[in-house]
Amino acid sequence: MKIYIAEEAGFCFGVKRALKIINQLNEKRQDIQIYGQLIHNRTVLDQLKAKGIDTIDTLAQLSPQKKLVIRTHGIPKQEEEKLKKAGIDYVDATCPLVKKLHRIIGKLNKEKAQIIIIGDKNHPEIIAAKSYAHNAVVINSRAEAAKIKRTDSLSVIAQTTLDTEHFEKIVSYLAEKAGKLDVYNTICDATIARQQAIKKLAPEVDFVVVVGGKNSSNTRKLYHIALKRNKNTYYIEESSDLKHTDFIKQVKDFQSAGITAGASTPPKELKKVKNILKNIKNNYNINIEKEIKNGKRE
Ligand code: F3S
């Protein structure tokens, strides 16, 4: 089977930066606690846990003797202010491109603009970003856009990991709702590059494997983009998910596979996926032998 990895896949600049911060603190033998999940990837979070690095969900869980690191998705403004007020020493691993979103929303808020954020209202990035304005509205569909009242002026901004086509569609709909529309396309370059690469690769291969956390916004977008272009698209969290007989049975006779991975998926996982796919027929035979041996198959 021929295996192709999308031209852009896996760790992005913001994730690499956050992991570098953690590694540097770790080398100094600093006890660390992370506010929220550093990134949305189970493999990486398990590795951090194995190193004794805690994840806390509320400020009430803070251990004063540990160094606090803020996750890549950022935290709400009010919570950061609380940390500063309490004199808590912390390192901010929020991606600088997420910080840019905070700055734009903060500036628009000062100008009293009517702000519309396009994104997932339950995602930590958007919960944090929304806190930079008094009354920003979060929408993520045309139906939600339809509920926005017609007005003189709107300022629209994007979650960094949105699908560009989805953003553009909602923006063009909002254009009918306002006399003046200011558009801030804050979808990050890493997201755009990964989306473009899978758009190109997905129709050229027999099946696609998308690797990344199920709660990773950018990975989910890659999955939907690939699925639109190739119905044989599989979303897995880690390479071991490929070893199931059912999956192998479905893909073992295909001639080519494309692989992509979300911005929080480690390069090692990508390599492992590639190796498993290369040996897919052997794996199938081994699984069948095991099942016969265990009496699950005749
Ligand atoms: Fe930052 Fe974009 Fe990665 S916002 S964390 S570079 S996906």
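Residues numbered from 1 in each chain as written. Predicted model: local features only at pLDDT ≥ 70, side-chain atom pairs only at ≥ 80, totals over all residues. Heavy atoms only, no water.

Asks: Residues and numbers for the site of the ligand, please.
Replies: Around the ligand, the surrounding shell consists of Cys12, Gly14, Cys95, Leu97, Thr160, Cys188, Thr191 and Ala263. For the shell around the ligand, the per-class residue count stands at 5 nonpolar, 3 polar and no charged. (Near = heavy atom within 4 Å. Nonpolar A, V, L, I, M, F, W, Y, C, P; charged D, E, K, R; others polar.)

Asks: Could you give an account of the packing of helix 8 (residues 189–201) against helix 9 (residues 217–229), naming the residues involved and the relevant values?
Replies: Their axes nearest at 9 Å, the elements helix 8 and helix 9 cross at an angle of 20°. Judged by the angle between their axes, helix 8 and helix 9 are roughly parallel. Our pair here, helix 8 against helix 9, has a crossing hand that is right-handed. Contacts between helix 8 and helix 9 involve Arg194, Gln195, Ile198 and Lys199 from the former and Lys221, Leu222, Ile225, Ala226 and Arg229 from the latter. Looking at the contact of helix 8 with helix 9 residue by residue, the classes come out as 4 nonpolar, 1 polar and 4 charged. (Axes fitted to C-alpha atoms, helices over the stretch in contact; angles between N-to-C directions. Helix = DSSP H or I, 4+ residues; strand = E, 2+ residues; numbered from the N terminus. Parallel < 35°, antiparallel > 145°, perpendicular 65-115°, else oblique. Left-handed = near helix turned anticlockwise from the far one by under 90°. Contact = heavy atoms within 4.5 Å.)

Asks: Now, about the environment of Leu68: what can you tell me, with residues and values included?
Replies: Positionally, Leu68 belongs in strand 4 (residues 67–70). When the C-alpha atoms of Leu68 and Thr55 are compared, they prove to be 9.5 Å apart, with 13 residues separating the residues in sequence. Residues within four places of Leu68 in sequence aside, it is in contact with Gln33, Ile34, Tyr35, Ile56, Leu62, Leu83, Ile88, Asp89, Tyr90 and Val91.

Asks: Please give an account of the packing of aromatic side chains that cites residues and values.
Replies: The final tally for this structure, using the stated rule, is 5 aromatic pairs. Seen from their ring centres, Tyr223 and Tyr235 are 5.2 Å apart, and the 35° between their planes marks the pair as tilted. Placement of the pair is Tyr223 in helix 9 and Tyr235 in strand 11 (residues 233–236), with a sequence separation of 12 residues. Note on Tyr223: relative accessible area 19%, which makes it buried. Tyr235 gets classed as buried once you look at its relative accessible area, which sits at 14%. Taking the centre distance of 5.0 Å and the plane angle of 85° together, the rings of Tyr234 and Phe247 count as edge-to-face. Of this pair, Tyr234 sits in strand 11 while Phe247 sits in helix 10 (residues 245–251); the two residues are 13 residues apart in sequence, bridging distant segments of the chain. For Tyr234, a relative accessible area of 16% puts it in the buried group. (Phe/Tyr/Trp six-rings, centres within 6.5 Å; stacked < 30°, edge-to-face > 60°. Buried < 20%, exposed > 50% of the residue type's maximum accessible area, 1.4 Å probe, protein only.)

Asks: Report on the side chain of Asn218, specifying residues and quantitative values.
Replies: Relative to the elements of secondary structure, Asn218 occurs in helix 9. The buried category is assigned to Asn218, whose relative accessible area is 11%. In contact with Asn218, other than residues within four places in its own chain, are Thr161, Gly262 and Ala263.

Asks: Describe the domain arrangement of the protein chain, with residues and values.
Replies: Parsing the protein chain into structural domains produces domain 1 (2–9 + 191–289), domain 2 (13–94) and domain 3 (97–187). Placing the centre of domain 2 and that of domain 3 at their C-alpha centroids yields a distance of 27 Å. Listed as interface residues are 13 residues of domain 2 and, on the opposing side, 11 residues of domain 3. A combined buried area of about 880 Å² lies between domain 2 and domain 3, and 65% of that area is made up of carbon and sulfur atoms. Considering only the surface of domain 2 that becomes buried against domain 3, His73, Lys77 and Thr94 emerge as the three largest contributors, covering 44% of it. For the interface between domain 2 and domain 3, the tally reads 2 salt bridges. Here Lys99 and Glu80 are joined by a salt bridge, their closest N and O atoms 3.5 Å apart. Counting residues per element, the side of domain 2 that touches domain 3 draws most heavily on helix 3 (residues 77–85), at 3 residues. Classifying every residue of the side of domain 2 that touches domain 3 gives 3 nonpolar, 6 polar and 4 charged. (Domains from an automatic or database assignment. Buried area = accessible area lost by both parts, 1.4 Å probe. Salt bridge = Lys/Arg side-chain N within 4 Å of Asp/Glu carboxyl O.)

Asks: Tell me what's going on with the sheet that holds strand 8 (residues 151–158), and back it up with residues and numbers.
Replies: Taking strand neighbours across the sheet as the criterion, the 4 strands line up as 7-6-8-9 in an open arrangement whose pairing is parallel. Looking at which strands have only one partner, the edges of the open sheet turn out to be strand 7 (137–139) and strand 9 (178–184). With strand direction ignored, the average angle separating the axes of adjacent strands in the sheet is 25°. Here strand 6 (residues 115–118) pairs with strand 8 via 4 bridges, running parallel. (Pairing = 2+ DSSP bridges.)

Asks: Tell me about the pairing of strand 11, residues and numbers included.
Replies: What you see with strand 11 is no split at all: Thr233 and Tyr235 on one side and Tyr234 and Ile236 on the other are buried throughout. Relative to strand 11, strand 10 (residues 207–211) runs parallel, the two being bridged by 4 bridges. Paired with Val211 across the two strands is Ile236, which belongs to strand 11.

Asks: Help me get a handle on unusual backbone geometry, residues and values and all.
Replies: Unlike most non-glycine residues, Arg29 shows phi in positive territory, near 60°. Among the secondary structure elements, Arg29 is positioned in the loop between helix 1 (13–27) and strand 2 (32–35). The phi dihedral of Lys112 is positive, around 60°, even though this residue is not glycine. Considering the arrangement of structural elements, one finds Lys112 in the loop between helix 4 (96–110) and strand 6.

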